[in-house]
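As a plain string of letters, each chain reads:
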Amino acid sequence: MSWQEKALWLEKITKRMMLIVGILGVLVIYSGFFFLLFTGRSLAVIPWFFLVSPWICIYFGLTQVQQLKVLNWFVQKFKK
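Only a predicted model underlies this, so the values are computations on that prediction, with no experimental measurement involved.

**Overview of helix α3 (residues 64-79)**
Thinking step 1. Between the first and last C-alpha of α3 there are 22 Å, a value that for 16 residues agrees with the 22 Å anticipated at 1.5 Å per step.
Thinking step 2. Within α3, only one of the 16 residues are buried, leaving the element largely exposed.

Rendered as structure tokens:
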């Protein structure tokens, strides 16, 4: 196995890990957020970047084509 094949394999595994961590992060962080919201406790405990960080992991876990589609979707969403 050449170093290029190893690098591609490492990139694929890293992207898959980022995707899994992001999805689990969304589940855990948002379930905690909604638990605090519905029980009437203070939401000041959760900084805004905790709510955004799993989405960043998911974004970087996508392929380049999927990342471009996401960016185009945001551009179209905010141009309206």
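**Considering the packing of aromatic side chains**
Where two aromatic rings form a pair, the distance of their centres and the angle of their planes describe that pair.
Thinking step 1. Counted under the stated rule, the structure contains ten aromatic pairs.
Thinking step 2. Measuring from ring centre to ring centre gives 6.5 Å for Tyr-30 and Phe-34, while their planes differ by 45 degrees; the resulting arrangement is tilted. Of this pair, Tyr-30 and Phe-34 both sit in helix α1 (residues 3-39), four residues apart, roughly one helical turn.
Thinking step 3. Seen from their ring centres, Phe-33 and Phe-34 are 5.4 Å apart, and the 70 degrees between their planes marks the pair as edge-to-face.
Thinking step 4. Aromatic rings pair up to connect Tyr-30, Phe-33, Phe-34, Phe-38 and Trp-55 into one cluster.

**Thoughts on the side chain of Gln-67**
Thinking step 1. Its place among the elements puts Gln-67 in helix α3.
Thinking step 2. For Gln-67, the side chain forms a polar contact with the main-chain oxygen of Tyr-59, separated by 3.0 Å.
Thinking step 3. Setting aside residues no more than four positions away along its own chain, Gln-67 makes contact with Lys-15, Tyr-59, Phe-60 and Leu-62.

**Thoughts on the packing of α1 against helix α2 (residues 48-61)**
Thinking step 1. For the pair α1 and α2, the least separation of the axes is 7 Å and the interaxial angle reads 155 degrees. Of the possible angle classes, the one that applies to α1 and α2 is roughly antiparallel. Handedness of the crossing formed by α1 with α2: left-handed. Between α1 and α2, the residues in contact are Lys-15, Met-18, Leu-19, Val-21, Gly-22, Ile-23, Gly-25, Val-26, Ile-29, Tyr-30 and Phe-33 and Phe-50, Leu-51, Pro-54, Trp-55, Cys-57, Ile-58, Phe-60 and Gly-61, respectively.
Thinking step 2. Split into classes, the residues belonging to the contact of α1 with α2 amount to 15 nonpolar, three polar and one charged.

Calculation rules
Residues numbered from 1 in each chain as written. Predicted model: local features only at pLDDT ≥ 70, side-chain atom pairs only at ≥ 80, totals over all residues. Heavy atoms only, no water. Helix = DSSP H or I, 4+ residues; strand = E, 2+ residues; numbered from the N terminus. Expected span 1.5 Å × (residues − 1). Buried < 20%, exposed > 50% of the residue type's maximum accessible area, 1.4 Å probe, protein only. Phe/Tyr/Trp six-rings, centres within 6.5 Å; stacked < 30°, edge-to-face > 60°. Polar contact = N/O pair within 3.5 Å; in protein donor to acceptor, adjacent residues only side chain to side chain. Contact = heavy atoms within 4.5 Å. Axes fitted to C-alpha atoms, helices over the stretch in contact; angles between N-to-C directions. Parallel < 35°, antiparallel > 145°, perpendicular 65-115°, else oblique. Left-handed = near helix turned anticlockwise from the far one by under 90°. Nonpolar A, V, L, I, M, F, W, Y, C, P; charged D, E, K, R; others polar.

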